[in-house]
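These are the residues of each chain, in order.
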Amino acid sequence: MARKPSARPRGTATEPDVDGLTPEQAAEELEALAREIARHDTLYYSKDAPEVSDAEYDALRARNAAIEARFPDLVRIDSPSQRIGAAPTTGFGKVTHAVPMLSLDNAFSDDEVTEFVARVRRFLKLADDDEVALMAEPKIDGLSISLRYEDGRFVLGATRGDGTTGENVTANLRTLDDIPDRLRGKGWPAVLEVRGEVYMRKSEFLALNARQVRAGAKPFANPRNAAAGSLRQLDSSITATRRLGFFGYAWGEVSEPLGTTLKEARDRLASWGFTLNAGKLCTDVGAALAFYRDQETGRAGLDYDIDGVVYKVNRLDWVSRLGQVSRSPRWAIAYKFAAERAQTMLEKIEIQVGRTGTLTPVAHLTPVTVGGVVVSRATLHNEDEIKRKDIREGDTVVVQRAGDVIPQVVEVIIEKRPKGSRPFHFPDKCPRCGSLAVREEGEVAWRCTGGLICPAQAVERLKHFVSRDAFDIEGLGGKHIEAFWNDKLIATPGDIFRLADRRDEIASREGWGEKSADNLFAAIAQRRRIGLDRFIYALGIRQVGEATARLLARTYHDFDTWRRAMAAAEDRTSDAYAELTDIDGIGPSMADDILGFFAEPHNQDVLDDLDGLLDITAVAAPKTSGSPFAGKTVVFTGTLSTLGRKEAKARAEALGAKVAGSVSKKTDYVVVGADAGSKAKKAAELGVTVLSEDEWREMAGL
Ligand code: IVH
């Protein structure tokens, strides 16, 4: 955003020379400058309504700096020169959640719910006749927030954000009737974080949109967006007029447990003044599915949107044993309602090229509203999918949308097919760089073989590099990457960290200015220090997602060790290769992709370059002081009687162990369950310590 040119240019020429200022005058002017610059910051960052141009703003700061240089004793704590890093891009402060806010895995069929329960049973190693009671709750379609109470008073409210860090929206949340300022009743823990959903009632949504239209403003697409927009108002009195609601359904940090079951915890939350949505305790899958049908039938009659049902394990001791995988808990699942559908025309099939060269067909549709959202594109997945559904350009198709997932083409209405239409022919050349495209045996995807000579792949890789879970550079989104790439400002990841060398070119771009350029450089500089796990993920190696990146970082700890190990692992008979494929969760095909990445000279150049530019920090093993398993390699074999294999693995890792799939000289312990076979024998041969299940439980303090 550029600042507006001002009608009243303010130049430094009219002001007295810094050298001629008395200390009194200097102090007075510094105070005025601090106030004025802060006011412009608010106008620019929070109100999106700057009053001065970039140049005028810069002149104010320069004057401030010049006076401070002459009178260093007069530097104020609220001086603009004392603020560290980039200014916030919004008017809200950041809040780091004491306990991360997770998201939920989805089930899309009855079978998937049944499988969820089976998975819980397997993980906990329950007997067939052990009852797994589930709390079923409607899934509210709003936005999740966290409310912190200390000694019964509401002290902090934050949005979910990326799950780790959200925005401080306390003042706005105080305007909600459903959020008590002080807890009622008694027995609440000194620290209590209540989590739940802020939503807008359908009736309120319709009334608000009518007001928006009357006022000439854009109507909101759906109640969810309207709720989000209302919560992010910089002026709380506007939020207050939107009459948002809140349902509690979970908690974050608590200084005391809320009970032994979810049912009990819910009852207590309600007794302290929170509104909870009607939940139902279901003792078997049949009852859980019946609850879903009831909600599906009843949803139209509710004054708020629900988009499914959430099932949660009721016993809280099991909840803590189940823990989480990546970003979703193992103890809960969302069963979404069937997707909403609509018919429209498929105008054209476009082939997109992804970061690893995968060619993905995308349907361009005549825009159509599906479940309150306008859809104009849908993924067609791959060649087989197009063939199977015989999707052709010009067809009338049924599209569906469920929750946040990408819209899909469900089927073709054959009766509406125009005469003379022809089946779609998948290209065997990359549409972006013209290189040969190949479809390897056993794979569904066509892939461009152009590597980094393919501009599409190069750009997609860079976009991935700066994306939220990778380098997460504030103010440098996909659109900027594309524009900078087109204008040859960046070609490789390292170039991002050299952008500041091209300050003038960036500052003079349309929509930029010196101030915004400097903010970008500050945001980039902040990311020069990065954990090895994020760094590995950012490289965008095929098949290496966040979880795998974390595994690699935990195994090799620091960048140099990892790089050396991968070089050594190129020899598939080496110990290094065995160590790589021994990491539980990394198979030969993934290892191939990782080593393939290292075998590419261009990638080696990128790594050398980044190594020189960045501070890649080692990933510490989990805190395991006193654990006998810290840093040890453990192999499980045979059937354990008290816990499932996954739980055993999760426990061992929490104690600092690496869990490997096969026994080698590097193994420290082999834990043998019933019917252990060759691994137990091999352990004995190699002289590795063998533990029985009981011995392991004892050592692990279970
Ligand atoms: S439990 C550990 N219960 O759905 C996860 N979530 O798709 C805690 N949501 O991020 C969430 N109604 O914003 C839970 N009754 C309910 C819910 C619910 C809506 C939202 C929540 C969550 C999202 C996941």
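Residues numbered from 1 in each chain as written. Predicted model: local features only at pLDDT ≥ 70, side-chain atom pairs only at ≥ 80, totals over all residues. Heavy atoms only, no water.

A. Geometry of the overall build of the chain. What the chain contains, in helices and strands, is 25 helices and 26 strands. For the C-alpha atoms alone, the extent of the chain along its principal axes is close to 90 × 75 × 60 Å. Within the span of the chain, comprising 702 residues, buried residues form 45% of the whole. Contacts spanning at least 24 positions in sequence make up 68% of the contacts within the chain whose residues lie at least 6 apart. Counting every atom, the chain has about 34,300 Å² of accessible surface; 50% of that belongs to carbon and sulfur. (Helix = DSSP H or I, 4+ residues; strand = E, 2+ residues; numbered from the N terminus. Buried < 20%, exposed > 50% of the residue type's maximum accessible area, 1.4 Å probe, protein only. Contact = heavy atoms within 4.5 Å. Areas by Shrake-Rupley, 256 points an atom, 1.4 Å probe, with all protein chains shown as cover.)

B. Examining the pattern of salt bridges more closely. This model, assessed by the stated rule, comprises 48 salt bridges. Across the pair Arg315 and Asp317 runs a salt bridge, and its minimum N-O distance is 2.6 Å. For Arg315, a relative accessible area of 36% gives the class partly exposed. Using a relative accessible area of 37% as the deciding quantity, one classes Asp317 as partly exposed. Across the pair Lys649 and Glu653 runs a salt bridge, and its minimum N-O distance is 3.7 Å. Highlighted residues: Lys649 and Glu653, both in helix 23 (residues 645–654), separated by 4 residues, approximately one helical turn. Beyond isolated ion pairs, a larger network of salt bridges with shared partners links Arg148, Glu150, Glu193, Arg195 and Glu253. (Salt bridge = Lys/Arg side-chain N within 4 Å of Asp/Glu carboxyl O.)

C. Inspection of the confidence of the model for the chain at higher detail. On average, the chain scores 89 in pLDDT, and the residues at 70 or more come to 93%. When mean pLDDT is compared element by element in the chain, strand 9 (residues 280–282) scores highest at 98, while helix 2 (residues 54–70) scores lowest at 80. Overall, residues 4–14 carries pLDDT values under 50, and its contacts beyond four positions in sequence, including any with other chains, amount to 15 contacts. For the stretch residues 84–89, pLDDT sits under 50, and the model shows 11 contacts to residues farther than four places along the chain or on other chains. (pLDDT = per-residue confidence, 0-100.)

D. Expanded view of the site of the ligand. The local shell around the ligand holds 13 residues, among which Glu137, Ile140, Glu197, Tyr249 and Lys312 are the closest. At 2.8 Å, a side-chain N or O of Glu137 approaches a nitrogen atom of the ligand. Backbone polar atom of Ile140 to a nitrogen atom of the ligand: 3.0 Å apart, as the coordinates give it. Isolated, the ligand exposes 530 Å² of accessible area, and the fraction of that covered by the protein chains is 88%. Taken together, the elements giving at least two residues each to the shell around the ligand come down to strand 3 (134–140) and strand 10 (306–313). (Near = heavy atom within 4 Å. Polar contact = N/O pair within 3.5 Å; in protein donor to acceptor, adjacent residues only side chain to side chain.)

E. Here's a closer look at helix 22 (residues 601–613). When the terminal C-alpha atoms of helix 22 are compared, their 19 Å separation across 13 residues agrees well with the 18 Å that a helix rising 1.5 Å per residue should span. Of the positions making up helix 22, those classed as buried are Asn603, Val606, Leu607, Leu610 and Leu613. All buried residues of helix 22 project into a common sector of 130 degrees when viewed along the axis, lining one side. Residues of helix 22 that are exposed and point more than 90 degrees away from the buried face comprise Pro601, Asp605 and Gly612. Summarising the contacts, the buried residues of helix 22 are in contact with helix 12 (455–466), helix 14 (493–496), helix 17 (532–538), helix 19 (559–569), helix 21 (588–599) and strand 22 (615–617). (Expected span 1.5 Å × (residues − 1). Arc of directions from axis to C-beta.)

F. The arrangement of the sheet that holds strand 9 in detail. One open sheet accounts for 5 strands, arranged 2-13-10-3-9; its pairing is mixed. The sheet is open, and its two edges are formed by strand 2 (106–107) and strand 9, each paired on a single side. As judged from the 7 bridges shared by strand 3 and strand 10, these two strands associate in the antiparallel manner. When the sheet's bridge partners are listed, Glu137 is paired in strand 10 with Val310. In the packing of helix 3 (residues 110–124) onto the sheet, contacts are made with strand 2, strand 3, strand 10 and strand 13 (332–336), and the angle to strand 13 comes to roughly 175 degrees. Contacts between helix 9 (residues 285–298) and the sheet are confined to strand 3, strand 9, strand 10 and strand 13, with strand 10 contributing the most and set at about 160 degrees to the helix. (Pairing = 2+ DSSP bridges. Axes fitted to C-alpha atoms, helices over the stretch in contact; angles between N-to-C directions.)

G. Structural view of the environment of Val117. Along the chain, Val117 turns up in helix 3. Residues within four places of Val117 in sequence aside, it is in contact with Val132, Leu134 and Val285.

H. Expanded view of the sheet that holds strand 8 (residues 245–254). Spatial ordering of the open sheet is given by 5-4-7-8, a layout of 4 strands whose pairing is antiparallel. A strand with exactly one partner marks an edge of an open sheet, and here the two such strands are strand 5 (153–159) and strand 8. Ignoring strand direction, the axes of neighbouring strands in this sheet form an average angle of 30 degrees. Sheet analysis places strand 4 (residues 143–150) next to strand 5, joined by 6 bridges and oriented antiparallel. In the strand pairing of strand 5, Glu150 is matched with Arg153.

I. Just helix 3, in detail. Helix length check: helix 3, at 15 residues, gives a terminal C-alpha distance of 22 Å against a target of 21 Å (1.5 Å per residue), a fit within 8%. Looking at helix 3, one finds that the buried residues are Val113, Phe116, Val117, Val120, Phe123 and Leu124. Seen end-on, helix 3 carries its buried residues on one side only, within an arc spanning 125 degrees. The first or second residue beyond helix 3 is Lys125, which carries a positive phi of 60 degrees.

J. Molecular detail of the environment of Ser146. If you trace the backbone, Ser146 turns up in strand 4. Taking the C-alpha atoms as reference points, Ser146 and Tyr199, separated by 53 residues in sequence, lie 14 Å from one another. With sequence-adjacent residues up to four places away left out, Ser146 is seen in contact with His97, Met101, Leu156, Gly157, Ala158, Glu193, Val194 and Arg195. Within the structure, Ser146 has its side chain in polar contact with the side chain of Arg195 (distance 3.1 Å).

K. Molecular detail of the nonpolar core. Residues Ile496, Phe535, Leu552 and Trp562 are the most contacted members of the largest nonpolar core, which totals 59 residues. Here this core gets 6 residues from one element, more than from any other, and that element is helix 21. If sequence neighbours within four positions are ignored, Leu552 has contacts with Ile536, Val544, His557, Trp562, Leu580, Ile583, Ile586 and Ile594. Ranked by size, the runner-up nonpolar core spans 33 residues in total, among them Leu124, Ala136, Tyr199 and Val319. (Core = buried A, V, L, I, M, F, W, Y, C linked by side-chain atoms within 4.5 Å.)

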